[in-house]
Amino acid sequence: MIELSKHHALQGNLSVVENGQDIPFDIKRVYYLYDVPGGESRGSHAHRELYQLIIAASGSFSVTLDDGEVKRTFLLNRPYQGLLVVPGIWRTLDDFSSGSVCMVLASHKYDKEDYIRDYNEFLDYKNNG
């Protein structure tokens, strides 16, 4: 988990993420997940090279990270905290609250070749890569 800077004012709060300063990569892509139906999961894949910072911009959801041996689940529900996901980690997002928004800051542009979408292929990659 990465704690982002928080700036408080009477008009509201502000958190900042700057390339290479607040996170260990330069941001090349930003995308949002929203209106995820109840009971649905997102993710269920790993990346070979991509770093991501996952933030609950609104609401809450769970992220389960799996390195092929150990699984750990994180509840994201604060817009000033982000979960850093490094390459070679399987991730699954679920338990989205109503109205939640998941913001993802990524180190690379979309590249379908960077994805590992089959869990058994992921385990082979971890054991042989």
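The rules we used
Residues numbered from 1 in each chain as written. Predicted model: local features only at pLDDT ≥ 70, side-chain atom pairs only at ≥ 80, totals over all residues. Heavy atoms only, no water. 1 Å grid on protein atoms, 1.4 Å probe; cavity = no way out; pocket = protein on both sides within 12 Å on 5 of 7 lines; lining within 4 Å. Points joined across faces, edges and corners; volume = space filled by probe spheres on them. Helix = DSSP H or I, 4+ residues; strand = E, 2+ residues; numbered from the N terminus. Nonpolar A, V, L, I, M, F, W, Y, C, P; charged D, E, K, R; others polar. Core = buried A, V, L, I, M, F, W, Y, C linked by side-chain atoms within 4.5 Å. Buried < 20%, exposed > 50% of the residue type's maximum accessible area, 1.4 Å probe, protein only. Contact = heavy atoms within 4.5 Å. Polar contact = N/O pair within 3.5 Å; in protein donor to acceptor, adjacent residues only side chain to side chain. Pairing = 2+ DSSP bridges.

The subject of this paragraph is the layout of surface pockets. Its volume calculated, the largest pocket comes out at about 240 Å³. The set of elements that each furnish at least two residues to the lining of the largest pocket consists of strand S4 (29–34), strand S5 (42–47), strand S6 (52–58) and strand S10 (90–94). At 4 residues, the largest contribution of residues to the lining of the largest pocket is made by S5. Across the lining of the largest pocket, the residue classes tally to 7 nonpolar, 4 polar and 4 charged.

Bringing the nonpolar core into the picture now. Within the largest apolar cluster, 16 residues are counted, with the highest numbers of intra-cluster contacts made by Ile 54, Phe 61, Val 63, Leu 93 and Cys 102. Those elements that place two or more of their residues in this core are S6, strand S7 (61–66), strand S8 (71–76), strand S9 (81–85) and strand S11 (101–106). With 3 residues, S7 is the largest single contributor of residues to this core. Setting aside residues no more than four positions away along its own chain, Phe 61 makes contact with Ile 54, Ile 55, Ala 56, Phe 74, Leu 75, Leu 76, Leu 93, Asp 94, Asp 95, Phe 96, Val 101 and Cys 102. Core analysis: the next-biggest nonpolar cluster, separate from the first, contains 8 residues, Ile 2, Leu 53, Ile 55 and Met 103 among them.

Glancing now at the environment of Val 63. Note that Val 63 resides in strand S7. Spatially, the C-alpha atoms of Val 63 and Gln 21 are 24 Å apart, while their sequence positions differ by 42 residues.

Turning to the side chain of Gln 52, a few remarks are in order. Structurally, Gln 52 can be placed in strand S6. You can call Gln 52 buried: its relative accessible area is 3%. Among the polar contacts made by the side chain of Gln 52, one reaches the side chain of Tyr 31 at a distance of 2.9 Å. When near neighbours in sequence (up to four residues on either side) are disregarded, Gln 52 contacts Phe 25, Tyr 31, His 47, Leu 83, Leu 84, Val 85, Arg 91, Val 104 and Leu 105.

Okay, unusual backbone geometry next. For Ser 44, which is not glycine, the phi torsion reads 55° and is therefore positive. A relative accessible area of 33% means that Ser 44 is categorised as partly exposed. One non-glycine residue, Asp 95, lies in the positive phi region at around 60°. Here Asp 95 lies in the loop between S10 and S11.

The next thing to look at is the sheet that holds strand S1 (residues 2–3). Spatially, 5 strands are ordered S1-S9-S6-S11-S4 in an open sheet, and the strand pairing comes out antiparallel. Both outer strands of the open sheet, S1 and S4, are each paired with one neighbouring strand and no more. In this structure, S6 lies alongside S9, joined through 4 bridges in antiparallel fashion. The residue bridging Ile 54 from the neighbouring strand is Leu 83, located in S9.

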